[in-house]
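Chain by chain, the residues run as shown.
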Amino acid sequence: MSESLEMHETLDMKHAFRATMSRLATGVSIITTRSGGAPIGMTASAVTSLSMDPLQLIVCISNHLFTRSAIAEHGRFAVNILGEDGQGLATHFATSKMDKFAGVSVSEEHGVPVLKDAIASVVCDVSAELPGGDHTIFVGDARHFEHRVEARPLVYFAGTFGAMT
């Protein structure tokens, strides 16, 4: 009896934790890389700057996603930060479609797809890969970055996309 009670408490705790963390407003990004010559991408909100010396950021990718193994194999990824009009792209890259890049304008000059519709992008080389529970934490050394000054970000809060007002 205590085993099922512990499992029930754990499921309740996970649900409560997820609901609590949904109150942390985050920016929305598309993480891109390559695998076997093909572009790979996914929507992510677990992205943050890490260091100014050296210039680094981190992305956290679920261990069950193909993007995680593609980043580990390729050794380079891009963080494409979406603007307030980017909900369609965010939803598109959050699905498991075969060719997520069909109709999406990208630049390939830095070895990974960089979305032309992103308001900012950072191309990184993987400098560390760390365990993080059911996720992998990738530390990326920033190699190229750019942004549009006038652009406003797409945000994610309590399971909903929105814009800053």
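Up top is the structure.
On to the pattern of salt bridges. One pass over the structure, following the stated rule, counts six salt bridges. One salt bridge connects glutamate 129 with arginine 68, and the closest N-O pair in it is separated by 3.1 Å. Residue glutamate 129 is located in strand β9 (residues 120-132), and its partner arginine 68 is located in helix α2 (residues 66-74); the two are separated by 61 residues in the primary sequence. Of the charged contacts, one joins arginine 152 and glutamate 84 as a salt bridge, the two residues approaching to 3.7 Å between their closest N and O atoms.

Before going further, it helps to spend a moment on the sheet that holds strand β1 (residues 26-27). The three strands lie next to each other as β1-β11-β12, forming an open sheet whose pairing is antiparallel. Two strands lie at the open edges of the sheet, namely β1 and β12 (160-163), each paired on one side alone. Bridge analysis of strand β11 (residues 154-157) against β12 gives four bridges, and the strand direction is antiparallel. By the bridge assignment, tyrosine 156 is partnered in β12 with phenylalanine 161.

Our focus in this paragraph is the layout of surface pockets. Estimates place the volume of the largest pocket at around 1600 Å³. Taken together, 39 residues make up the lining of the largest pocket; nearest its centre are Arg18, Ser45, Ala46, Ser62 and His135. Of all elements in the fold, only α1 (2-21), β3 (38-44), β5 (55-62), α2 and β11 reach the threshold of two or more residues within the lining of the largest pocket. Residues belonging to the lining of the largest pocket are distributed by class as follows: 21 nonpolar, 12 polar and six charged.

Conventions adopted
- Residues numbered from 1 in each chain as written.
- Predicted model: local features only at pLDDT ≥ 70, side-chain atom pairs only at ≥ 80, totals over all residues.
- Heavy atoms only, no water.
- Salt bridge = Lys/Arg side-chain N within 4 Å of Asp/Glu carboxyl O.
- Helix = DSSP H or I, 4+ residues; strand = E, 2+ residues; numbered from the N terminus.
- Pairing = 2+ DSSP bridges.
- 1 Å grid on protein atoms, 1.4 Å probe; cavity = no way out; pocket = protein on both sides within 12 Å on 5 of 7 lines; lining within 4 Å.
- Points joined across faces, edges and corners; volume = space filled by probe spheres on them.
- Nonpolar A, V, L, I, M, F, W, Y, C, P; charged D, E, K, R; others polar.

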